[in-house]
Amino acid sequence: MPESSPDTTVMLGKGKRVVGTFLLLLGAGIVLESSLRWLGGTLMLGGIVAFVRGALETRPGTVAEHPTPVAIDAHSESRL
Amino acid sequence: MVDHPNSTFDEAFAILILAFIAITASVSIGSYRRRTAGAPEAGGSLVLSPGIRNWYLENLQPFEEFCVRWHVAPTALTCAQLAGSIVVAICYARGMLLTGGWLLLFTGTLDVIDGRVARRINGSSLRGAFLDSIIDRYADSFSLLGLAAFFRDSWVLWAVLFAVLGGLIVSYTRARAEGLGADGRVGLLQRPERYVILGFGTIFGALAEHLIGPIAGQRYALVILVIVGLAFMVNLTAIQRAVHVWRSLGDSQHA
């Protein structure tokens, strides 16, 4: 990956938070609904690590959060 | 499938999941709203407000950047969506509604990212758009077919099949309208809304089943309510689109 500007750091932090949330809830679902509890537990652990790292990288005072709202792109989603 | 009396562990775990979802969503959306207070908003719908849409798209930005930087082909994302929807169908069919719902939201996200990445790398092509439309239909249908397999011994099967039918008619109406030179992009429930309703509906329905069990003797009552509502609204959307196209075509003659 190229440069590591504050913007990139924020972006990476946000990405880790989102991936962390995804893994945590996916793992929780597997723990709750299947017999593969070890897999769910591992995913949850990975999710917690990613989420905490992302939260630490983007916590207020460390770096400014992305200031510009994302404009709605009329073609963002296929609407068929 | 939850086919045993709920254990204390399951109940406590379900409460923890609910709490995590509520806290994470409220903190994240609250922080987004504070940062964007006063910014113009447009383009929302009954189910997804402009603020929620923008918050969602902002959270997708890192992945969009990642795909652009590492030259991930939009077609690869489309194929991943198809593979993901097959996994969703398997999860639903096996009664893993929480896992399936969460994966459904993920596959919907892949669908949003592939188009945005294609535009960023100037990789939008007619073939890509065509493939995307075909795979979207399969992905849409797979998730509902998984639910159909799960509810195969119940009257809910008919509601699920009705929802599948509605989803296909909604898409066909727009495709046919565009073929005739009209615009069919209207309606109460378009695809992102369908993903959100079904995804969160099955997630919270599954959690409710773990927490409170059957409601009035009906298992998965919340999930059933969501499916019936979805089937009704999707078909309403199909009719809404058909009426809109009918009116906009007026008395035009077929070439």
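**Student:** Could you give me a rundown of the overall build of chain B, with the residues and numbers involved?
**Tutor:** Each helix and strand in chain B was counted, giving eight helices and zero strands. Starting at the N terminus and walking to the C terminus, you meet the elements of chain B as α-α-α-α-α-α-α-α. Taking 2.2 N^0.38 as the reference for a compact globule, 255 residues should give roughly 18 Å; the C-alpha atoms of chain B span a radius of gyration of 20 Å, in line with that estimate. Each principal axis of the C-alpha distribution contributes one length, and for chain B these read about 65 × 45 × 35 Å. When each of the 255 residues of chain B is scored for burial, the buried share is 38%. In chain B, the share of contacts with a sequence separation of at least 24, taken over all contacts with a separation of at least 6, comes to 75%.

**Student:** Talk me through the overall build of chain A; I want residue IDs and the actual numbers.
**Tutor:** Within chain A, the regular secondary structure consists of two helices and zero strands. Sorting the 80 residues of chain A into buried and exposed places 40% on the buried side. Within chain A, contacts between residues at least 6 apart in sequence are counted, and of these 61% link residues at least 24 apart.

**Student:** Can you break down the packing of helix H3 (residues 74-93) of chain B against helix H5 (residues 126-150) of chain B residue by residue, with the values?
**Tutor:** All names here are of chain B. Orientation of H3 relative to H5, taken along the N-to-C sense of each, is 10 degrees, at an axis distance of 7 Å. Between H3 and H5, the angle falls in the class roughly parallel. Residue composition of the contact of H3 with H5, by class: 18 nonpolar, seven polar and one charged.

**Student:** Can you explain helix H6 (residues 156-179) of chain B? Please cite residues and give values.
**Tutor:** All names here are of chain B. Helix length check: H6 (24 residues) gives 35 Å between terminal C-alpha atoms against 34 Å at 1.5 Å per residue, within 8%. Considered for burial, the residues of H6 that qualify are Val 156, Ala 159, Val 160, Ala 163, Gly 166, Gly 167, Val 170, Ser 171, Thr 173, Arg 174 and Ala 177. Where H6 is buried, its residues touch H5, helix H7 (191-212) and helix H8 (221-249). Note on H6: the residue one or two positions beyond its end, Gly 181, has a positive phi of about 85 degrees.

**Student:** Report on the environment of Leu225(B), specifying residues and quantitative values.
**Tutor:** Along the chain, Leu225(B) turns up in helix H8. Along the sequence, Leu225(B) and Ile23(B) sit 202 residues apart, while their C-alpha atoms lie 25 Å from each other.

**Student:** Mind laying out unusual backbone geometry, listing which residues take part and the relevant values?
**Tutor:** Residues and elements named next belong to chain B. Although it is not a glycine, Ala 216 adopts a positive phi angle of roughly 50 degrees. As for its placement among the helices and strands, Ala 216 is situated in the loop between H7 and H8. Overall, Ala 216 belongs to the exposed group, with 5 C-beta atoms counted inside 10 Å. Unlike most non-glycine residues, Tyr 220 shows phi in positive territory, near 55 degrees.

**Student:** If you had to explain the environment of Ala83(B) to someone new, which residues and values would you point to?
**Tutor:** With respect to the secondary-structure elements, Ala83(B) resides in helix H3. Separated by 56 residues in the primary sequence, Ala83(B) and Ala139(B) place their C-alpha atoms 8.5 Å from one another.

**Student:** An account of the nonpolar core is needed here, citing residue identities and associated values.
**Tutor:** Membership of the largest hydrophobic core comes to 61 residues, with the highest contact counts inside it found for Leu98(B), Leu147(B), Val160(B), Ala163(B), Ile227(B), Leu230(B) and Val234(B). With eleven residues, the top contributor of residues to this core is helix H4 (residues 97-120) of chain B.

**Student:** Hey, could you go over H3(B) for me, with residue numbers and the actual values?
**Tutor:** All names here are of chain B. Given a rise of 1.5 Å per residue, 20 residues ought to cover 28 Å, and the 29 Å separating the end C-alpha atoms of H3 matches this to within 8%. Those residues of H3 not exposed but buried are Pro 74, Leu 77, Thr 78, Gln 81, Gly 84, Ser 85, Val 88, Ala 89, Cys 91 and Tyr 92. Seen along its axis, H3 keeps its buried residues to an arc of 160 degrees; they face one direction. Where H3 is buried, its residues contact helix H2 (50-69), H4 and H5.

Rules used throughout
Residues numbered from 1 in each chain as written. Chains lettered and ligands numbered in written order. Predicted model: local features only at pLDDT ≥ 70, side-chain atom pairs only at ≥ 80, totals over all residues. Helix = DSSP H or I, 4+ residues; strand = E, 2+ residues; numbered from the N terminus. Rg over C-alpha atoms; globule rule 2.2 N^0.38 Å. Buried ≥ 20, exposed ≤ 12 C-beta atoms within 10 Å, placed from the backbone. Contact = placed C-beta atoms within 7 Å. Axes fitted to C-alpha atoms, helices over the stretch in contact; angles between N-to-C directions. Parallel < 35°, antiparallel > 145°, perpendicular 65-115°, else oblique. Nonpolar A, V, L, I, M, F, W, Y, C, P; charged D, E, K, R; others polar. Expected span 1.5 Å × (residues − 1). Core = buried A, V, L, I, M, F, W, Y, C linked by C-beta atoms within 7 Å. Arc of directions from axis to C-beta.

Shape is all these values report; function is a separate question.
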